[in-house]
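What follows is the residue order along each chain.
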Amino acid sequence: MEIERKFLVNTKQLPFQPEDYPCRHIEQGYLCTAPVVRIRRDNDEYFLTYKSKGLMSREEYNLPLTKEAYEHLVPKTDGRIIRKKRYVIPLENGLSLELDFFEEDLSPLVLAEIEFPDEETAGSYEAPKWLGEDVTYSTQYHNSSLSKV
């Protein structure tokens, strides 16, 4: 089960430099958006992911792919291939913030996601002001929606 909240970020308000944290280069495309079936390259790792319907909470299953299988599936995706840089920033209470800088035609969009151990923790989390607007309940900011040209 994936339980996360998502925020729009104004990079001018960040209290840190993202470049001071680990960065992953992500490329992903969608074979289906309802339900979500996604392929992803995350640095040198490859995955096929299924996500159920939902906004803050939904089922998620990741299956490993070989580079060859990933490359075979890329032309079969619908819409755009999303490319982004992801910085992982540690937060208090063992939480982490994944800060995504979208590239190419989705630039300058920056989104932050925080995964939680349960819905109660997610619901009671008070986000710092610099995170910006909470878009957890907006499908407009799901990557599957952003993939549609």
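What counts and how
- Residues numbered from 1 in each chain as written.
- Predicted model: local features only at pLDDT ≥ 70, side-chain atom pairs only at ≥ 80, totals over all residues.
- Heavy atoms only, no water.
- Helix = DSSP H or I, 4+ residues; strand = E, 2+ residues; numbered from the N terminus.
- Contact = heavy atoms within 4.5 Å.
- Areas by Shrake-Rupley, 256 points an atom, 1.4 Å probe, with all protein chains shown as cover.
- Lys, Arg positive; Asp, Glu negative; His and termini not counted.
- Charge placed at Lys NZ, Arg CZ, Asp CG, Glu CD.
- UniProt positions renumbered as here; feature names shortened; annotations may be inferred.
- pLDDT = per-residue confidence, 0-100.
- Buried < 20%, exposed > 50% of the residue type's maximum accessible area, 1.4 Å probe, protein only.
- Pairing = 2+ DSSP bridges.
- Phe/Tyr/Trp six-rings, centres within 6.5 Å; stacked < 30°, edge-to-face > 60°.

Identification of the protein chain as CYTH domain-containing protein from Candidatus Mediterraneibacter pullicola is taken from an unreviewed UniProt entry.

This paragraph deals with the overall build of the protein chain. The number of helices and strands found in the protein chain is three helices and nine strands. Taken over the C-alpha atoms alone, the protein chain extends approximately 40 × 30 × 25 Å along its principal axes. Put simply, 58% of the contacts in the protein chain that link residues at least 6 apart link residues at least 24 apart. Taken as a whole, the protein chain presents about 8300 Å² of accessible surface, with 49% of it coming from carbon and sulfur. In the protein chain, 19 side chains carry a positive charge and 27 a negative one; their mean positions are 5 Å apart.

So, about the UniProt feature "active site" (unreviewed entry) in the protein chain. Within this numbering scheme, the UniProt entry marks Y30 as carrying the feature "active site" (unreviewed entry). Secondary-structure assignment places Y30 in strand β2 (residues 23–33). Setting aside chain neighbours within four positions, we find Y30 in contact with V36, V37, R38, T77, D78, I82, N143, S144 and S147.

Attention shifts here to the confidence of the model for the protein chain. Per-residue pLDDT for the protein chain has a mean of 95; in total, 100% of the residues score no lower than 70. By mean pLDDT, strand β5 (residues 57–58) is the weakest element of the protein chain at 92, and helix α1 (residues 67–73) is the strongest at 98.

Counting buried positions along strand β8 (residues 96–102) yields five of seven residues, so the element is predominantly enclosed. Counting the residues between successive antiparallel strands, the hairpin from strand β7 (residues 78–90) to β8 contains five residues, one of them, N93, with a positive phi of roughly 60°. Two elements, β8 and strand β9 (residues 110–115), share five bridges in a ladder whose sense is antiparallel. From the neighbouring strand, E98 faces β9, where its bridge partner is E113.

Attention now moves to the packing of aromatic side chains. According to the stated counting rule, one finds six aromatic pairs in the structure shown. Centroid distance Y50 to Y61: 6.2 Å. Interplanar angle 25°. Geometry classified as stacked. One end of the pair, Y50, is in strand β4 (residues 45–51); the other, Y61, is in strand β6 (residues 60–65), with eleven residues separating them in the sequence. Residues Y87 and F101 carry aromatic rings whose centres are separated by 5.6 Å and whose planes lie at 85° to one another, so their mutual orientation is edge-to-face. Of this pair, Y87 sits in strand β7 while F101 sits in strand β8, placing them 14 residues apart in sequence. Here F101 falls in the partly exposed class, since its relative accessible area comes to 22%. A connected cluster of aromatic rings, assembled from ring pairs, spans F16, Y21 and W130.

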